[in-house]
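Single-letter residue listing:
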Amino acid sequence: MKKYIILTFLIVLGVLAGCGKKEETSKEDAYVRNLINVGFSQLGAESDWRVANTESMKNSLSLDNDFNLLFDDAQQKQDKQIMAIRKFIQQEVDCIVLAPVTETGWDTVLKEAKDAKIPVIITDRMVDVEDDSLYTAWVGSDFLKEGKIACEWLKRYAEVEGLEPSELHIVDIQGTLGATSQIGRTNALSEAAKENGWDLLDAVPADYAQTKAKEVMQQLLKKHSNINVVYCENDNEAIGAIEAIEEAGKTVGNDINNGDILVISFDAAHSGLSNVLEGKIALDVECNPLQGDEVAWIIKDVNAGKTVEKYTYVEESVFSTYDKIKAVIADKEAYDVTILTQEILDGRKY
Ligand code: GYE
């Protein structure tokens, strides 16, 4: 009976503590309230996509959903991510979630987590480790496929517009070098360029950041006078590149034959889609940042001792306002591009 009263008292105390406070709670507190302690190492806040991803994770790994989330923003630095993971291990969290800045360099610290018997869930980009059992599951996008879709569209665009492959003069503004999203998108383009005989002029990284991409584009415009396609590896880079192009007195749009520079982008965040609707980005391949719910389900299953899928790909689509491809070749899957409307844009929450 005494035991029962103490337990009830502790639970009431725990619940009361939870009511006033939405912030991180102590491990003891979390234990009393039966919360799952999760340490999340987010790589940074470089883009609209990343901000939406962080928000999604915080919403799903919430106190209301029985999680106690310890969050760390590593500001694009792998050593900060490693430090955060070591701290989570010391804090004896129930699970670690890692959104890694680059693929390599994780073997040692993930081994430390494994030795401490803490499951690790990887999100967004992948880790390249010798032993795949160092992480329990991964949730993210197929970046090579995203790039291939963009390139397939570009190939059809050239056909519809009557352009020879060698008349496509392309520059690639790359993401963070060594990140899975950069590797997949860059490789898709370089392979398609080789295969189709496109003129790939240059590939320069801009770390997925708007200001850096603007600077990179300014340099590229000085270096190459004939650019007519800019392949930007995310929306913020596309927006930076568009600023540089317009400031140089050139136009962006769907009409290469009339002097436009064609901008291709990835993410399809609200900022990117607004530019699609304005006709400034020709094609935006969606990369879905809303991974929180999926991660939360996986953690709950792992915590309950269930086996989970090793790899989960999130769903995504493609947006454009250029409808000529659809009209000319209506029967092929690769051209299944959603023609963007104001209504779709209004529904975009990030
Ligand atoms: O496309 C970009 C972000 O890895 C999918 O990182 C992610 C990419 C995303 O900064 O906007």
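In what follows, the structure referred to is the one given above.
Here we look at the overall build of the protein
Here comes step 1: On a plain count of helices and strands, the protein comes out with 13 helices and 13 strands.
Here comes step 2: The 350 residues of the protein split such that 52% are buried.
Here comes step 3: Considering only residue pairs separated by 6 or more positions, the protein has 71% of its internal contacts joining residues 24 or more positions apart.
Here comes step 4: Of the roughly 16,300 Å² of accessible surface on the protein, a fraction of 51% belongs to carbon and sulfur atoms.

Let's talk about the site of the ligand
Here comes step 1: Around the ligand, 13 residues are found, and the nearest of them are Glu46, Asp124, Arg125, Asn234 and Asp267.
Here comes step 2: Contact distances for the ligand include 2.9 Å between an oxygen atom and a side-chain N or O atom of Asp124.
Here comes step 3: When isolated, the ligand has an accessible area of 300 Å², and the protein chains bury 100% of it.
Here comes step 4: Only helix H3 (48-60) and helix H7 (180-196) provide two or more residues apiece to the shell around the ligand.
Here comes step 5: There are two domains that each give the shell around the ligand at least three residues, and those are domain 1 (33-141 + 290-313) and domain 2 (143-287 + 317-346).

Concerning a negative patch on the surface
Here comes step 1: A cluster of like negative charges, contributed by Asp128, Glu130, Asp131 and Asp132, occupies part of the molecular surface.
Here comes step 2: Residue position: Asp132 is located in the loop between strand E4 (120-123) and strand E5 (137-140).
Here comes step 3: Taking relative accessible area as the criterion, Asp132 reaches 38% and is therefore assigned partly exposed.

What to know about the sheet that holds strand E3 (residues 95-98)
Here comes step 1: The six strands lie next to each other as E2-E1-E3-E4-E5-E11, forming an open sheet whose pairing is parallel. Looking at which strands have only one partner, the edges of the open sheet turn out to be strand E2 (67-73) and strand E11 (311-313). Averaged over all adjacent pairs, the angle separating strand axes in this sheet is 20°, with direction ignored.

A look at the sheet that holds strand E13 (residues 338-339)
Here comes step 1: Ordered by their spatial adjacency, seven strands build an open sheet running E7-E6-E8-E9-E10-E12-E13, and the pairing between neighbours is mixed. Each edge of the open sheet is held by one strand with a lone partner, namely strand E7 (199-205) and E13.
Here comes step 2: Here four bridges tie strand E6 (residues 169-174) to strand E8 (residues 229-232), and the two strands are oriented parallel to one another. Bridging from a neighbouring strand, Ile170 pairs with Val229 of E8.

Topic: helix H9 (residues 235-247)
Here comes step 1: Given a rise of 1.5 Å per residue, 13 residues ought to cover 18 Å, and the 18 Å separating the end C-alpha atoms of H9 matches this to within 8%.
Here comes step 2: Buried residues dominate H9, accounting for ten of its 13 residues.
Here comes step 3: Considered for burial, the residues of H9 that qualify are Asp235, Asn236, Glu237, Ala238, Ile239, Gly240, Ala241, Ile242, Ala244 and Ile245.
Here comes step 4: Here H9 starts with a cap whose side-chain oxygen sits 3.4 Å from the backbone nitrogen of Asn236, and that cap is Asn234.

Overview of the pairing of E3
Here comes step 1: By the alternation rule, side chains of E3 split into Cys95 and Val97 and Ile96 and Leu98, which are all buried.
Here comes step 2: Summarising the sheet, E3 and E4 pair through three bridges and their orientation is parallel. Directly across from Ile96, in E4, lies its bridge partner Val120.
Here comes step 3: A crossover links E3 with its parallel partner E4, the connecting element being helix H5 (residues 107-115), and its sense is right-handed.

A look at H5
Here comes step 1: Considered for burial, the residues of H5 that qualify are Val109, Leu110 and Ala113. With its buried residues spanning 100° around the axis, H5 presents them on a single face. With respect to the buried face of H5, the exposed residues turned more than 90 degrees away are Thr108 and Asp115.
Here comes step 2: Taken together, the buried residues of H5 touch helix H4 (78-90), E3 and E4.
Here comes step 3: One or two positions beyond H5, positive phi appears at Lys117, with a value near 60°.

Details of the packing of H9 against helix H10 (residues 270-277)
Here comes step 1: Interaxial distance between H9 and H10 falls to 8 Å at its minimum, and their mutual angle equals 45°. Between H9 and H10, the crossing angle belongs to the class labelled oblique. In this structure, H9 meets H10 at a crossing whose hand is left-handed. Of the residues in H10, those touching H9 at Asp235, Ile239 and Ile242 are Ser271, Gly272 and Asn275.

Some details on the packing of aromatic side chains
Here comes step 1: For the coordinates displayed, the defined rule picks out eight aromatic pairs.
Here comes step 2: Residues Tyr231 and Phe266 carry aromatic rings whose centres are separated by 5.3 Å and whose planes lie at 70° to one another, so their mutual orientation is edge-to-face. Within this pair, whereas Tyr231 is found in strand E8, its partner Phe266 is found in strand E9 (residues 262-267), the two being separated by 35 residues in sequence.
Here comes step 3: Classification of Tyr231 by relative accessible area gives buried; the value is 1%.
Here comes step 4: Members of the aromatic cluster, connected to one another through ring pairs, are Tyr135, Trp138, Tyr311 and Tyr313.
Here comes step 5: When the ring centre of Phe71 is taken as reference, the NZ or CZ atom of Lys58 above it lies at 4.3 Å.
Here comes step 6: One cation-aromatic arrangement involves Lys310 over Tyr135; the distance from NZ or CZ to the ring centre is 4.4 Å.

Criteria and cut-off values
- Residues numbered from 1 in each chain as written.
- Predicted model: local features only at pLDDT ≥ 70, side-chain atom pairs only at ≥ 80, totals over all residues.
- Heavy atoms only, no water.
- Helix = DSSP H or I, 4+ residues; strand = E, 2+ residues; numbered from the N terminus.
- Buried < 20%, exposed > 50% of the residue type's maximum accessible area, 1.4 Å probe, protein only.
- Contact = heavy atoms within 4.5 Å.
- Areas by Shrake-Rupley, 256 points an atom, 1.4 Å probe, with all protein chains shown as cover.
- Near = heavy atom within 4 Å.
- Polar contact = N/O pair within 3.5 Å; in protein donor to acceptor, adjacent residues only side chain to side chain.
- Domains from an automatic or database assignment.
- Patch = residues over 30% accessible without salt bridge, like charges linked within 9 Å, V, L, I, M, F, W, Y side chains within 5 Å.
- Salt bridge = Lys/Arg side-chain N within 4 Å of Asp/Glu carboxyl O.
- Lys, Arg positive; Asp, Glu negative; His and termini not counted.
- Charge placed at Lys NZ, Arg CZ, Asp CG, Glu CD.
- Pairing = 2+ DSSP bridges.
- Axes fitted to C-alpha atoms, helices over the stretch in contact; angles between N-to-C directions.
- Expected span 1.5 Å × (residues − 1).
- Right-handed = clockwise from strand over helix to strand, strands pointing away.
- Arc of directions from axis to C-beta.
- Parallel < 35°, antiparallel > 145°, perpendicular 65-115°, else oblique.
- Left-handed = near helix turned anticlockwise from the far one by under 90°.
- Phe/Tyr/Trp six-rings, centres within 6.5 Å; stacked < 30°, edge-to-face > 60°.
- Lys NZ or Arg CZ within 6 Å of the ring centre and 35° of its normal.

None of the figures reported here should be taken as evidence of function without further support.
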